Amino acid sequence: MNKKQFVFLILIVVGLGVILFFTFTHFKLEKEKMLENASDNKKMEELTRKEKEEREKNRKQEEGQRKVNLLLENLQNTKKVVLGQYDSSGEITSVSTQYKYTKIKEIAEESIIQEIIGCFKDSTWQEGRNDDFIGKLWQFYDGEDKLILEYEGHALITQEQNLAIYIQENMKNRLYSYFN
């Protein structure tokens, strides 16, 4: 091999080496960009999922509160409230459960009925249900002696639905005081 061929061979090897170096560098940068984009996409998906969950939670809350407000509007037709205490041999059976209650009081005085209904005015819907059994029942009847709804310490109950609600502690205590 003469000098020209040898120099030419070295130039080819150096040229190929430079091309390979820049090619691998380029692909390495592209791989880093792809990993970075994948990480960004994952973060965006996580944010989107959280936003969807938050929207769904808000939608459930609004829908539940709308149902509670509708039931509370129906309470305005109340002409009689029956208070019951848990007793396995009682004559009143709750709409949603098989618990039996004994009638403690029957309230027909309009002002007291409005006070009892007023205890529910700021109640809010809550998802799920607190199952701490308290053994007390409030039944609300209209003028035709038809049951409008029940409240058993945790939920507003009708034949069709059972809506768990939260009532402020002072209002709950006021409701319990009608049993005394």
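Residues numbered from 1 in each chain as written. Predicted model: local features only at pLDDT ≥ 70, side-chain atom pairs only at ≥ 80, totals over all residues. Heavy atoms only, no water.

A. Region of interest: the pairing of strand E8 (residues 162-166). Here strand E4 (residues 124-125) runs beside E8; their pairing, made up of 2 bridges, is antiparallel. Looking at E8, one finds that Thr 124 is bridged to Tyr 166. Of the pairings in the sheet, the one linking strand E7 (residues 155-157) to E8 comprises 3 bridges and is antiparallel in character. Across the sheet, residue Ala 155 finds its bridge partner in E8, namely Ala 164. In this structure, the hairpin formed by E7 and E8 is closed by a connection of 4 residues. (Pairing = 2+ DSSP bridges. Helix = DSSP H or I, 4+ residues; strand = E, 2+ residues; numbered from the N terminus.)

B. Structural context of the nonpolar core. Formed by 26 residues in total, the largest nonpolar core has its most connected members in Ile 116, Phe 120, Phe 140, Tyr 151, Leu 156 and Leu 175. Listing elements by their share of this core, those giving two or more residues are helix H1 (3-74), strand E1 (80-86), helix H2 (110-118), strand E5 (136-141), strand E6 (147-151), E8 and helix H3 (169-177). In contact with Leu 156, not counting residues within four places along its chain, are Val 68, Leu 71, Leu 72, Phe 120, Leu 149, Glu 150, Tyr 151, Gln 161, Asn 162, Leu 163 and Ile 165. Val 82, Ile 92, Tyr 101 and Leu 137 belong to the second largest nonpolar core, which has 5 residues in total. (Core = buried A, V, L, I, M, F, W, Y, C linked by side-chain atoms within 4.5 Å. Buried < 20%, exposed > 50% of the residue type's maximum accessible area, 1.4 Å probe, protein only. Contact = heavy atoms within 4.5 Å.)

C. Here's a closer look at a nonpolar patch on the surface. Together, Met 1, Phe 6, Leu 9, Ile 10, Val 13, Val 14, Val 18, Phe 21 and Phe 22 give the surface a local cluster of nonpolar side chains, amounting to about 920 Å² of exposed area. One can find Val 18 in helix H1. (Patch = residues over 30% accessible without salt bridge, like charges linked within 9 Å, V, L, I, M, F, W, Y side chains within 5 Å. Areas by Shrake-Rupley, 256 points an atom, 1.4 Å probe, with all protein chains shown as cover. Salt bridge = Lys/Arg side-chain N within 4 Å of Asp/Glu carboxyl O.)

D. The arrangement of unusual backbone geometry in detail. You will see that Asp 145, though not glycine, has its phi angle at about 60 degrees, which is positive. With a relative accessible area of 46%, Asp 145 lands in the partly exposed category.

E. A look at the packing of aromatic side chains. Inspection of the entire model under this criterion finds 8 aromatic pairs. Between Tyr 86 and Tyr 101 the ring centres are 6.4 Å apart and the planes differ by 85 degrees, which places this aromatic pair in the edge-to-face class. Highlighted residues: Tyr 86 in strand E1 and Tyr 101 in strand E3 (residues 100-107), separated in sequence by 15 residues. Among the residues examined, Tyr 86 registers a relative accessible area of 38% and is labelled partly exposed. Residue classification places Tyr 101 among the buried positions, given a relative accessible area of 1%. Members of the aromatic cluster, joined through ring pairs, are Phe 120, Trp 138, Phe 140, Tyr 151, Tyr 176 and Phe 179. The cationic tip of Lys 80 hangs over the ring face of Tyr 141; the distance from NZ or CZ to the ring centre is 4.8 Å. Seen from the ring of Phe 179, Lys 136 lies directly overhead, with NZ or CZ sitting 4.9 Å from the centre. (Phe/Tyr/Trp six-rings, centres within 6.5 Å; stacked < 30°, edge-to-face > 60°. Lys NZ or Arg CZ within 6 Å of the ring centre and 35° of its normal.)

F. View of H1. When the terminal C-alpha atoms of H1 are compared, their 105 Å separation across 72 residues agrees well with the 106 Å that a helix rising 1.5 Å per residue should span. Tucked into the core, H1 has its buried residues touching E4, E6, E7 and E8. N-cap assignment for H1: the residue whose side-chain oxygen lies 3.2 Å from the backbone N of Lys 4 is Asn 2. (Expected span 1.5 Å × (residues − 1). Polar contact = N/O pair within 3.5 Å; in protein donor to acceptor, adjacent residues only side chain to side chain.)

G. Highlighting the pattern of salt bridges. This structure, assessed with the given rule, holds 8 salt bridges. Its salt-bridge partner being Glu 127, residue Lys 60 comes within 3.1 Å of it at the nearest N-O pair. Placement of the pair is Lys 60 in helix H1 and Glu 127 in the loop between E4 and E5, with a sequence separation of 67 residues. You can call Lys 60 partly exposed: its relative accessible area is 33%. Here Glu 63 and Arg 66 are joined by a salt bridge, their closest N and O atoms 2.6 Å apart.

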